[in-house]
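As a plain string of letters, each chain reads:
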Amino acid sequence: MNALTRDLVKLVETAEQSQKTREELSVSDRKFREKLHLMPPVGWLNDPNGLCQFQGIYHAFFQYSPFNAEGGVKMWGHYTSKDMIKWEYQGTALYPDQPFDCHGVYSGSAFIEDGKMYLYYTGNVKLDGEYDYIRTGREGNTVLVITEDGKTFGKKKELMRNSDYPDDLTCHVRDPKVWKENGTYYMVQGARTNEDVGQVLVFESEDKVNWKFRNRVESEKPFGYMWECPDYFKIGDKKLLSTSVQGLEGGIWEDRNVYQSGYFEIEGDILGEYKLSEYHLWDYGFDYYAPQSFETEDGRRIHISWMGMPDCEEYSNPTIQTGWQHCFTFPREIFEKDGKICQRPIRELEEKKHLVSDVKGMLVREGYPVYEMTISDITKNRFKVILSEKLILDYADGKFRMHFTDQDKTSVSSGRSMRYVEVEEVENLKILADTSSVEVFVNDGEYVFSTRYYPEVYKLQAEAVGAQITLSEIM
Ligand code: FRU
């Protein structure tokens, strides 16, 4: 441990301790803390990193800036869990303490083999000087760290620098995700070309340490200027390339978030000839970016995302005033239904549910901050849900809509307005609500909408003629 690491360890602990004390002393400073959703002990959280199940235990690392709730130099915070519901904080795993990662231990992934966890990440460096930090002045180094017990992390090893990437790229290359197929290791990274086109780079390796560039994946026509946090996996026979895209403008994108997270289905081979499908959004809500997947030991594909949005001026999060910001989405299982890729909350949640109501047509309840509500057998799109008097889920003009009645930054929405998807028929809804977040699964999770919200009262009203409505409290 060098002198910088030693000081950072102390400073992070001090910041976390002072937030703890602050929240013990003040109810209003802790009122929007999440119960089910992973959030930072103090300060800022963004992307999930290094998600894995290792020796039976789930690990979730996160982009962490403990000293500033509005973001700062990134490190990897670390949580572990036995069930992906109750998470225990393990402290900071990786600090920005080397010349090749001194301005941020950026996003990356975990690969498990031979009883070891291999963590690959991007070491971010911003040089001092007159640079645009796109074409000049920035390093995106690929770094490896190994742990044998999931607690102590070995020496960082720099594997690749910008000069090892294709030379028609800007300095923006990052977010390695690694997997193994037919005895060979593969890595995808997100990139921005000199022509401002987003791409995914594919590298391969025989030993997990020495990597060589193999291919690049891009859409036929340019689609955004940067593809971040790529991920590649199979669901049934489908091959999915997931990526978070910056720079989509005009048309349908005008009604959506500043940046998008979605996937392409791949026909062919990402190592050779391939064709990308249209881009499907993982989530249509306000707060969703940079998801990452991993496979559990029992073979499920789990997806967790940052429930937040960067560079977004129109809405905000009042928790900044209480010392923290952002959380993850609740872990979701990805599955295929009738040829469609769908998502649902992990099945571990079932054990935590306690049925409160099971009624037909209408339900009104108050005083449940953490719950799951389902509405099934909806007919003719006749339903309306109102949460905390201000957040509405309904159907109009061929669209399922999630919208807030009030866009004031001091209201429940904190400035959020409307998100929608065009869909012919809404058959069922599942709503997973936590203290300050709502995730809505439409038609068995064919479409998902995630948003933060900041209620003063926890009231829910649901109306759906002839439909079955259940409410379960989550304890
Ligand atoms: C996505 C992202 C990644 C990067 C990280 C830095 O939100 O921009 O591309 O590695 O966040 O925190």
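Up top is the structure.
Residues numbered from 1 in each chain as written. Predicted model: local features only at pLDDT ≥ 70, side-chain atom pairs only at ≥ 80, totals over all residues. Heavy atoms only, no water.

1. Describing the overall build of the protein chain
A count of helical and extended segments in the protein chain gives two helices and 32 strands. Taking 475 residues into account, the globule formula puts the C-alpha radius of gyration at 23 Å, and the protein chain, at 22 Å, falls close to it. Dimensions of the protein chain, computed from the C-alpha atoms along their principal axes, are close to 60 × 55 × 45 Å. The buried share of the protein chain, reckoned over its 475 residues, is 61%. Averaged over its 57 positive side-chain charges, the protein chain has a centre that lies 3 Å from the centre of its 79 negative ones. (Helix = DSSP H or I, 4+ residues; strand = E, 2+ residues; numbered from the N terminus. Rg over C-alpha atoms; globule rule 2.2 N^0.38 Å. Buried < 20%, exposed > 50% of the residue type's maximum accessible area, 1.4 Å probe, protein only. Lys, Arg positive; Asp, Glu negative; His and termini not counted. Charge placed at Lys NZ, Arg CZ, Asp CG, Glu CD.)

2. As for the packing of aromatic side chains
Tallied over the full model, the rule gives 31 aromatic pairs. Between Phe-62 and Tyr-64, the ring centres sit 4.8 Å apart and the planes meet at 50°, which makes this aromatic pair tilted. Assessed through its relative accessible area of 0%, Tyr-64 is described here as buried. Measuring from ring centre to ring centre gives 5.0 Å for Phe-264 and Tyr-279, while their planes differ by 50°; the resulting arrangement is tilted. Of this pair, Phe-264 sits in strand S15 (residues 259-268) while Tyr-279 sits in strand S16 (residues 274-281), placing them 15 residues apart in sequence. Accessibility expressed as a relative area gives 3% for Phe-264, which makes it buried. Sitting over the ring of Trp-253, Arg-256 keeps its end group 5.3 Å from the ring centre. A cation over an aromatic ring shows up here: Arg-344 above the ring of Phe-335, its NZ or CZ 3.9 Å from the ring centre. (Phe/Tyr/Trp six-rings, centres within 6.5 Å; stacked < 30°, edge-to-face > 60°. Lys NZ or Arg CZ within 6 Å of the ring centre and 35° of its normal.)

3. A look at the pairing of strand S29 (residues 429-434)
Here S29 lies mainly inside the structure; five of its six residues are buried. Bridge count between S29 and strand S30 (residues 437-442): six bridges; the pairing is antiparallel. Among the inter-strand pairings, Lys-430 is bridged to a residue of S30, identified as Phe-441. Hairpin connection between S29 and S30: a loop of two residues separates the two successive antiparallel strands. (Pairing = 2+ DSSP bridges.)

4. Focus on the sheet that holds strand S7 (residues 138-147)
With respect to topology, four strands assemble into an open sheet ordered S5-S6-S7-S8, the strand pairing being antiparallel. The open sheet has two free edges, formed respectively by strand S5 (105-113) and strand S8 (157-160), since each of these has just one partner strand. Neighbour-to-neighbour, the strand axes of this sheet turn through a mean angle of 30°, independent of strand direction. Sheet topology note: the strand S6 (residues 116-126)/S7 ladder contains ten bridges and is antiparallel. From the neighbouring strand, Gly-123 faces S7, where its bridge partner is Asn-141. (Axes fitted to C-alpha atoms, helices over the stretch in contact; angles between N-to-C directions.)

5. With respect to the site of the ligand
Taken together, Asn-46, Asp-47, Gln-63, Lys-74, Tyr-106, Ser-107, Arg-174, Asp-175, Glu-228, Tyr-289 and Trp-306 are the residues near the ligand. Take Ser-107: an N or O atom from its main chain is 3.1 Å from an oxygen atom of the ligand. Asp-175 is positioned with one of its side-chain polar atoms (N or O) 2.6 Å from an oxygen atom of the ligand. When the free accessible area of the ligand is taken as 320 Å², the share hidden by the protein chains comes to 92%. Elements supplying a minimum of two residues to the shell around the ligand: strand S1 (43-54), S5 and strand S9 (169-181). Of the residues that constitute the shell around the ligand, the class distribution is three nonpolar, three polar and five charged. (Near = heavy atom within 4 Å. Polar contact = N/O pair within 3.5 Å; in protein donor to acceptor, adjacent residues only side chain to side chain. Areas by Shrake-Rupley, 256 points an atom, 1.4 Å probe, with all protein chains shown as cover. Nonpolar A, V, L, I, M, F, W, Y, C, P; charged D, E, K, R; others polar.)

6. A short note on the pairing of S16
Relative to S16, S15 runs antiparallel, the two sharing six bridges. The partner of Glu-267 across the bridge, within S16, is Lys-275. What sits between the antiparallel neighbours S15 and S16 is a turn of five residues.

7. A word on the nonpolar core
Counting 101 residues, the largest nonpolar core has Met-373, Phe-400, Leu-429 and Val-440 as the members making the most contacts within it. Of the residues forming this core, the biggest block, seven residues, is contributed by strand S32 (residues 459-474). The contacts of Leu-429, once residues within four sequence positions are left out, are Met-373, Thr-374, Ile-375, Ile-378, Phe-383, Val-385, Phe-400, Val-440, Phe-441 and Val-442. Within the second largest apolar cluster, 16 residues are counted, among which are Tyr-118, Tyr-120, Val-178 and Met-187. (Core = buried A, V, L, I, M, F, W, Y, C linked by side-chain atoms within 4.5 Å. Contact = heavy atoms within 4.5 Å.)

8. Examining the side chain of Arg-301
Along the chain, Arg-301 turns up in strand S18 (residues 301-307). At a separation of 2.9 Å, a polar atom in the side chain of Arg-301 contacts the side chain of Ser-293. Apart from residues no more than four positions distant in its own chain, Arg-301 is found in contact with Lys-177, Phe-233, Ile-235, Ser-293, Phe-294, Glu-295, Arg-332, Glu-333 and Ile-334.

9. Examining the state of the cysteines
Each disulfide consists of a covalent bond between the sulfur atoms of two cysteine residues. Counting across every chain of the model gives zero disulfides. This cysteine, Cys-102, is not joined by any disulfide, and Cys-171 carries the nearest cysteine sulfur, 15 Å off. The thiol of Cys-312 is unpaired, and the distance to the nearest cysteine sulfur, on Cys-327, comes to 15 Å. Assessed through its relative accessible area of 16%, Cys-312 is described here as buried. (Disulfide = S-S within 2.5 Å.)

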